[in-house]
Amino acid sequence: MKTIKLIFLAVAVGVVVLFGYANVRQRSVTEKLKPVNLISFQMRGNLNTEERLLLEKKISAVPGITACSLNKEGNVASVAFYPDRITGESLAGLLTAGGKLLVSPKEISPVGGCPVHQIGTSFQKFLTTLDFRN
Amino acid sequence: MNKLKRTSFMWLMIAALAVNVSCDDDDEQAADPTLYTRLGGIDAIAAVTDKFLTNVASDNVINARFEATVADPSRLQLLRNNLIDQICAGAGGPCQYKGKTMLEAHTGMNISPAEFNALVGDLVAALDFYDVPEAEKNDLLAVLGPMQSDIVGK
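The following refers to the structure shown. Source: prediction; values computed, not measured.

The rules we used
- Residues numbered from 1 in each chain as written.
- Chains lettered and ligands numbered in written order.
- Predicted model: local features only at pLDDT ≥ 70, side-chain atom pairs only at ≥ 80, totals over all residues.
- Heavy atoms only, no water.
- Helix = DSSP H or I, 4+ residues; strand = E, 2+ residues; numbered from the N terminus.
- Buried < 20%, exposed > 50% of the residue type's maximum accessible area, 1.4 Å probe, protein only.
- Contact = heavy atoms within 4.5 Å.
- Salt bridge = Lys/Arg side-chain N within 4 Å of Asp/Glu carboxyl O.
- Phe/Tyr/Trp six-rings, centres within 6.5 Å; stacked < 30°, edge-to-face > 60°.
- Lys NZ or Arg CZ within 6 Å of the ring centre and 35° of its normal.
- Axes fitted to C-alpha atoms, helices over the stretch in contact; angles between N-to-C directions.
- Parallel < 35°, antiparallel > 145°, perpendicular 65-115°, else oblique.
- Left-handed = near helix turned anticlockwise from the far one by under 90°.
- Core = buried A, V, L, I, M, F, W, Y, C linked by side-chain atoms within 4.5 Å.
- Expected span 1.5 Å × (residues − 1).
- Arc of directions from axis to C-beta.
- Polar contact = N/O pair within 3.5 Å; in protein donor to acceptor, adjacent residues only side chain to side chain.
- Pairing = 2+ DSSP bridges.
- Nonpolar A, V, L, I, M, F, W, Y, C, P; charged D, E, K, R; others polar.

Quick look at the overall build of chain A
Assigned secondary structure in chain A consists of four helices and four strands. Overall, chain A shows an N-to-C arrangement of helices and strands of α-β-α-β-β-α-β-α. By residue count, 34% of the 134 residues in chain A fall in the buried class. Considering only contacts in chain A between residues 6 or more positions apart, those separated by 24 or more positions represent 68%.

Spelled out as structure tokens, the structure:
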């Protein structure tokens, strides 16, 4: 019984410490920035370089979108956006360039990527959840 | 009267010293804005970083290395914040890079020179998209360039 009480006390102290740390830690300037999502699309169609650059600038200027890039081959487009202001589905519609391009979501492998960010993500996300300042 | 003169002289000296010190600080700030200030602050750095990330995600030479990361909002956020922190801190801004060193982060990945050059090309393209002046662009690349030896071939 005493052991159970000690374990419970240790867990409670741990939770309080984590909670306190999450709310008093010095957040970097970047943590206060609004998060973005990024989505990539496969593109089929013919756009010359000028048309490609114009489409890129046009999409980049849409409210809610922070960046748009079409590669030189014209077969991949990626868009960074605020998910609370615009959806991935509406982005696909914007990229068709008035019907000149066929657009489909790019198949992404669910594994791989930067291993560093995979390791740190869960703890960082947990701390952000505990932080009332968000 | 002598006491009054001495007191007045003392206050005059203190005032002269205060003006001199404050003027010196103003001169220094006016003469040497940091690269962070010249780039346009955190919002400008965030905009360039977002453009850099979309360039990388569309770059068929290297996007396979990043696609699982950028497709996951949580991992993307951490990558984005680390990139912004790194540029901001390297440019003298009020940020602290909390990620791993470039050597630790890239050991075992066997990044080729072609892949590194493609990444730098994507960064330069992002800076050009926002018409970052040549001096600021070169200063930033000078800060980030030395990382190549810790990234390529590890």
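Overview of the pattern of salt bridges
Residues and elements named next belong to chain B. Evaluated as defined, the whole model comprises nine salt bridges over all chains. For Glu136, the salt bridge is made with Arg38, and the minimal N-O distance between the two is 2.9 Å. Remark: Arg38 occurs in helix α2 (residues 35-39) and Glu136 occurs in helix α8 (residues 134-144); sequence separation between them is 98 residues. Across the pair Lys137 and Asp128 runs a salt bridge whose closest N-O atoms are separated by 2.6 Å. Classification of Asp128 as partly exposed rests on a relative accessible area of 37%.

Thoughts on the packing of aromatic side chains
Enumeration over the complete set of coordinates arrives at one aromatic pair over all chains. Summarising the aromatic geometry, the rings of Phe129 of chain B and Tyr130 of chain B are spaced 5.1 Å apart at their centres and angled 80° between planes, so their arrangement reads as edge-to-face. Phe129 of chain B gets classed as partly exposed once you look at its relative accessible area, which sits at 23%. Here Lys34 of chain A stacks its cationic end above the ring of Tyr82 of chain A, 4.5 Å away from the centre of that ring. Sitting above the plane of the Phe129 of chain B ring, Lys51 of chain B keeps its charged end 4.2 Å from the centroid.

Re the packing of helix α3 (residues 41-58) of chain B against helix α7 (residues 113-129) of chain B
Axes are the key here: two packed helices are described by the angle between their axes and the distance separating the axes. Residue and element names in this part refer to chain B. Running from N to C, α3 and α7 cross one another at 135°; their axes reach a closest spacing of 8 Å. Considered as vectors, α3 and α7 are oriented oblique to each other. As for how α3 packs across α7, the hand of that crossing is right-handed. Within the contact between the two elements, α3 uses Val48, Lys51, Phe52, Asn55 and Val56 and α7 uses Leu119, Asp122, Leu123, Ala125, Ala126, Leu127 and Phe129.

Topic: the nonpolar core
Counting residues in each nonpolar core, the largest one holds 39 residues, and the members touching the most others are Leu39, Ile42, Ile45 and Leu140 of chain B. For this core, the elements supplying multiple residues, two or more each, are α2, α3, α4 (63-71), α5 (73-90), α7 and α8 of chain B. It is α3 of chain B that contributes the most residues to this core, eight residues altogether. Apart from residues lying up to four places away in sequence, Leu140 of chain B is in contact with Leu35, Leu39, Ile87 and Leu127 of chain B. The next biggest cluster of nonpolar side chains, apart from the first, holds 15 residues, and it includes Cys68, Ala77, Phe81 and Leu95 of chain A.

Points about helix α2 (residues 49-60) of chain A
Over its 12 residues, α2 of chain A runs 16 Å from end to end, which matches the ideal 16 Å to within 8%, given 1.5 Å per residue. The complete set of buried residues in α2 of chain A reads Arg52, Leu55, Glu56, Ile59 and Ser60 of chain A. Down the axis, α2 of chain A shows its buried residues gathered within 130° of arc, on one side only. The exposed set on the far side of α2 of chain A, more than 90 degrees from its buried face, consists of Glu50, Leu54, Lys57 and Lys58 of chain A. Residues of α2 of chain A that are buried sit in contact with β2 (65-70), α3 (88-95) and β4 (101-105) of chain A together with α3 and α7 of chain B. The distance from a side-chain oxygen at the start of α2 of chain A to the backbone nitrogen of Glu50 of chain A is 3.2 Å, and the residue carrying that oxygen is Asn48 of chain A.

A look at the sheet that holds strand β1 (residues 37-45) of chain A
Residue and element names in this part refer to chain A. One open sheet accounts for four strands, arranged β2-β3-β1-β4; its pairing is antiparallel. Sheet topology places β2 and β4 at the edges, where each strand pairs with a single neighbour. Geometrically, the sheet is characterised by an average inter-axis angle of 25° between neighbouring strands, direction not taken into account. Bridging between β2 and strand β3 (residues 76-81) involves five bridges; their strand directions are antiparallel. Paired with Cys68 across the bridge in β3 is Val79.

Quick notes on the pairing of β1 of chain A
Residue and element names in this part refer to chain A. Looking at chain direction, β1 and β3 are connected through six bridges and run antiparallel. Note on β3: the bridge partner recorded for Ile39 is Val79. The pairing of β1 with β4 spans five bridges and is classified as antiparallel. Paired with Arg44 across the bridge in β4 is Leu102.

What about the interface of chain B and chain A?
On the side of chain A, 44 residues touch chain B, which itself brings 39 residues to the contact. There are two salt bridges connecting chain B and chain A. The closest approach of N and O atoms between Glu67 of chain B and Lys106 of chain A, which form a salt bridge, is 3.1 Å. Linking chain B with chain A are 14 residue pairs in polar contact (both at pLDDT 80 or more). Elements represented by at least two residues in the side of chain B that touches chain A include exactly α3, α4 and α5 of chain B. No other element matches α5 of chain B, which puts 12 residues into the side of chain B that touches chain A. Residue classes in the side of chain B that touches chain A are distributed as 19 nonpolar, 10 polar and 10 charged.

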